Amino acid sequence: CAANCEEFDWMITYGARVAAALAALAVLASPAAGSSATIRVNSVGFVPGAPKLATLAISSCGGNWSVVDLKTGDKALEGATLPTRSIDRSTLCLADFSALEKPGKYKLVVSGVGHSPPLLVGVSALNKPFKMAMAGFYMARCGQATPALPDSEDLVTTSSNGRPFEHEMCHAEDGLVDLKHTHESHEHRIEATGGWHDAGDYGKYTVNTAFTLGMLMYGWEHFQGRVEPAQLGIPAGLSPKLPDYLDEVRWGMAWVLKMQRPDGHAYHKLTPTHFEGFGALPHEDKGERYLSPWGTAATGDLAATGAQCYRTFLKYDTRFAEKCLEAAKRAYVALKAHPEPEIADLSGFGTGTYNSIDPHWDLGVRIWAATELYESTHNVSYLQDAEGLMRTLTAPIETCGAVGQPGSKGACKVADQLDWDDQRNLGVIRYLTSSSGKERDPALVAELRAQLQVVTEMYVRTSRTDPYSDPLGGYTKWGINGERARQALTLYAGELILGANKTLEQTGQNTLAMLFGRNPWGRSFVSQLGDWPAAHPHHRPSMVYAEAWPGLLVGGPNGGPTAWSDGWLAFRSNEIAINWNAGLAYALARYYNPPGKPDSDTGKPESESKPPRGSHGKDAKPEGGPLPDDPLPDEAMVWMGDPVKIHDALSRRERAALALETLTDLISPEGIATPEELAEQARDASEAAAEERPPHPHHRIPDVQAAPVVSHVDLPLVELAAAAAGVRRKRREPVPFPPQAVRTLPTPTPAPADNGRQRHHGRQLDSKV
């Protein structure tokens, strides 16, 4: 110990912290006091008319349940549990209390099992989650201070120890253009402050920000009457005259415009060379940040959102609206000059990519750009471009109605999924809802309507046969919860285009219920929301606070229906991202109950007094394909370089930090094992990795791909953590992640290229690029 006493002492201390983390996770494996983890139900809220279902993890069905009014103690409804409608999960049962319509607070009591957490029913039941989802964008703002929002019953503004969720002015020097990163010989700085921190890191990515803005502006278009009066308490910034919702949209859009080059192209991203360390808030991150080269996807996305921005802001800010349209036109000219995909060369970076070699990614962006420009200008040349691009998608309609099938992702005109790497549905929906319908090709319109019907009916069919009403049927990928939330747009488009359909709406409502607790864990996937929310998102500010910042939708299971880990380092399944929150905000905007309408519980109008709009202070700026179901092995990740070389360069301190994600993967949705069982499971996992075999079946490790990671963990540490797991913490107390435990990693050695597609952080790239 003579030379490394400090390191050794830290190891003992951090080993105990890992053990405490496991112990806390053991506590988190049970719901709030008195309620049962076997009753998996939406604990956030239901609007009247929505389906109300609970999935029960019990071995036999037919027992009685009742819904009890928490105010009076009376039974409001009762019935018997039903077998699940899934043919492959026969051990689950359902309680259907959809007939409950009266506003109030209730609990579901299941005979011989227990009761649920409180259940809220009312027309304003989803106001709080909507406001929290939107507040998540405000707290992610870059290039300004974000003082805590005003106290409100609908917002969580301070941590459990009273620390406001806020940060100071950050990244005021964005960003630098140079030879290494941007491939431009003349080094200079451009003014590119603003925008949102993208995800768990502090980078800013044009493709994902633009896609996020597209979802938010569709939300304004479809539900303006509901969200325009929404009072979020955002301090006055870009325009005091803007509704709060549009104030947030404008902040993101103003940054996208700054990413346009003089020649019309758009820089692909603005990030540091490598991901930031985990121990700093945004304003404490002082590293240099660089712009990347341009790409056709970023350029097309700027064209699409610029055109959409024109219509969105024309009534409120004519000058800004016209600026958006002018930028969109210049971007489209630049895009058309490159008819083939131009993938941004990101070889100078080790951060996220948002690149894909799938040609339909680029095609989808072009369709969206052309349809938005046509809608804003009525210039028939844009319409002809859009129709010509859509006609190149020639898959037979019968191949377009299954989740994750190659045909649906590839050549279908309407895709089964909607994300940054496949934006075609944004363009298809715009085309089918165009205000200039007479100029469209009737045959193409009919074909698109038919394919849209096939896809939406597939969601309904899959939802009806899944025990948790998942419209994707347990399909998983990186950011699957964001994908689920965004299906609300496709479903609502089905109602607009094909005709009012209560079944489509209820499918979307069931998806929200899944995100809010009706899932294999019985937990809300939105931080600080619901009875038992995700508590340890892979999100740097949350790590610094040792408590989840509120209103953030985590990615969800990745690698199988139960492969989710609520750990600080579980970036594969527990990161957050703006495009995921955008889907959540869109889905909830439909049910926001504006001030002045009856409140859910009292029947009285909500207060119409608007929270004071403060000032951002002197530092304010005037402007701001389905993936494989199995996760790629660590060897194929491009997180921070070659995993083996990175691991070899780690100190024991960093290895222990990385071990936390591995250890949390040992916990199944049904609960945590005893300390002895944990030690045995960890030992078996390590031996399995050494022997190149999967762990024994009775060891509940959701993702056997984690075995290579387990092999890197020093077994004595795992045993130490498991043996000390008897330590108990207060229920749901945040598990501290020591910021000082992780230093900035050394510059990684690039992983050797292969012919496959790699991904990290929800972004894909071709290793050949």
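Preceding block: the structure.
Calculation notes
Within every chain, residues take consecutive numbers counted from 1 along the sequence as written. The predicted origin of the model limits local features to residues at a pLDDT of at least 70 and limits the giving and counting of side-chain atom pairs to 80 or more, whereas totals for whole chains, interfaces and linings rest on all residues. Hydrogens and water are ignored here; the side-chain numbers use all heavy atoms of the structure. We call a pair of cysteine sulfur atoms a disulfide when they lie within 2.5 Å. The way it works is that DSSP assigns letters per residue, a run of H or I at least four long becomes a helix, a run of E at least two long becomes a strand, and they are numbered from the N terminus. Under the pairing criterion, centres of Phe, Tyr and Trp rings, with the six-membered ring standing for Trp, must be within 6.5 Å; the plane angle then separates stacked pairs below 30 degrees from edge-to-face pairs above 60, leaving the rest tilted. Only protein chains enter the accessibility calculation, which uses a 1.4 Å probe; a residue whose area is less than 20% of its type maximum is buried, one above 50% is exposed, and one in between is partly exposed. Any two strands with at least two DSSP bridges between them are considered paired. Axis lines are fitted through C-alpha atoms, for helices just across the contact stretch, and the angle between N-to-C directions can take any value from 0 to 180 degrees. Orientation categories follow fixed angle ranges, with anything under 35 degrees roughly parallel, anything over 145 roughly antiparallel, 65 to 115 roughly perpendicular, and all other angles oblique. Two helices that cross are described as forming a left-handed crossing if the nearer one is turned anticlockwise from the farther one by less than a right angle, and a right-handed crossing if clockwise. By definition, residues are in contact when any of their heavy atoms lie within 4.5 Å. Charged means Asp, Glu, Lys or Arg here, nonpolar means Ala, Val, Leu, Ile, Met, Phe, Trp, Tyr, Cys or Pro, and polar covers whatever is left, Gly included. For the purposes of these results, a polar contact is taken to be a pair of N or O atoms within 3.5 Å, where, inside protein, one atom must be able to donate a hydrogen and its partner to accept one; residues adjacent in sequence count only when each atom of the pair is a side-chain atom. By this rule the span expected of a helix is its residue count minus one, scaled by 1.5 Å. Bend at a residue means the angle formed by two fitted axes: the first through the 7 residues ending at that position, the second through the 7 residues beginning there.

Caption draft 1: Region of the structure containing the state of the cysteines. Within this structure, the stated rule accounts for 3 disulfides. The disulfide that involves C309 links it to C324, with 2.1 Å between the sulfurs. As the torsion about the S-S bond is roughly 55 degrees, the C309-C324 disulfide counts as right-handed. A residue pair is termed long-range when its members are at least 10 positions apart, and C309 in helix 6 (residues 296–313) and C324 in helix 7 (residues 318–336) qualify at 15 residues.

Caption draft 2: Local environment of unusual backbone geometry. G175 follows D174 through a cis peptide bond whose omega is -5 degrees. Along the chain, the position of G175 falls in the loop between helix 2 (127–139) and strand 10 (176–177). A positive phi is found at H171, a non-glycine position, where the angle reads about 50 degrees. Examined against the element boundaries, H171 turns out to sit in the loop between helix 2 and strand 10.

Caption draft 3: Fine view of the packing of aromatic side chains. For the structure shown, the criterion picks out 21 aromatic pairs. Taking 5.3 Å as the distance between ring centres and 55 degrees as the angle between the ring planes, the aromatic pair formed by F223 and Y586 counts as tilted. With F223 in helix 4 (residues 206–227) and Y586 in helix 17 (residues 578–589), the pair connects residues that are 363 residues apart, well separated along the chain. The exposure classification of F223 matches that of Y586, with both residues buried. For the pair F525 and W564, a centre-to-centre distance of 5.0 Å together with 80 degrees between the ring planes defines the contact as edge-to-face. Placement of F525 in the loop between helix 14 (502–515) and helix 15 (540–545) and of W564 in the loop between helix 15 and helix 16 (571–574) is noted, with a sequence separation of 39 residues between them.

Caption draft 4: Just the sheet that holds strand 1 (residues 39–41), in detail. As summarised here, the arrangement of the 4 strands in space is 1-2-6-5, forming an open sheet in which the pairing is antiparallel. Each of the sheet's edge strands pairs with one partner strand only, and the pair in question is strand 1 and strand 5 (82–83). Bridge count between strand 1 and strand 2 (residues 53–56): 3 bridges; the pairing is antiparallel. By the bridge assignment, R40 is partnered in strand 2 with T55.

Caption draft 5: Here's a closer look at the packing of helix 13 (residues 480–498) against helix 14. Between helix 13 and helix 14, whose axes approach to 9 Å, the crossing angle comes to 165 degrees. Considered as vectors, helix 13 and helix 14 are oriented roughly antiparallel to each other. For the element pair helix 13 and helix 14, the recorded crossing hand is left-handed. Contacts between helix 13 and helix 14 involve N481, R484, A485, L491, G494 and E495 on the former and, on the latter, L504, E505, T507, G508, T511, M514 and L515. Residues that form the contact of helix 13 with helix 14 fall into these classes: 5 nonpolar, 5 polar and 3 charged.

Caption draft 6: Geometry of the side chain of Q451. Among the secondary structure elements, Q451 is positioned in helix 12 (residues 442–464). Here V414 takes part through its backbone nitrogen, which lies 3.2 Å from a polar atom of the side chain of Q451. The residues touching Q451, leaving out its near neighbours within four places in the chain, are A395, I397, C400, C412, K413 and V414.

Caption draft 7: Local environment of helix 12. In this model, helix 12 (23 residues) spans 33 Å end to end at C-alpha, consistent with the 33 Å of a helix rising 1.5 Å per residue. For helix 12, the complete set of buried residues consists of L444, V445, L448, Q451, L452, V455, T456, M458, Y459, V460, T462 and S463. Elements that come into contact with the buried residues of helix 12 comprise helix 9 (380–391), helix 11 (424–432), helix 13 and helix 14. In this structure D441 caps helix 12, since a side-chain oxygen of it lies 3.1 Å from the backbone nitrogen of A443.

Caption draft 8: Geometry of helix 4. When the terminal C-alpha atoms of helix 4 are compared, their 25 Å separation across 22 residues is substantially less than the 32 Å that a helix rising 1.5 Å per residue should span. In the structure, helix 4 departs most strongly from a straight axis at E221, where the bend amounts to approximately 65 degrees. Most of helix 4 sits inside the fold, with 18 of its 22 residues counted as buried.

Caption draft 9: The pairing of strand 2, seen in detail. Across the two faces of strand 2 the burial is the same, with L53 and T55 and A54 and L56 all buried. Here strand 2 pairs with strand 6 (residues 93–96) via 4 bridges, running antiparallel. Its bridge partner being in strand 6, L56 is matched across the sheet by C93.

Read these as spatial facts, not as claims about activity.
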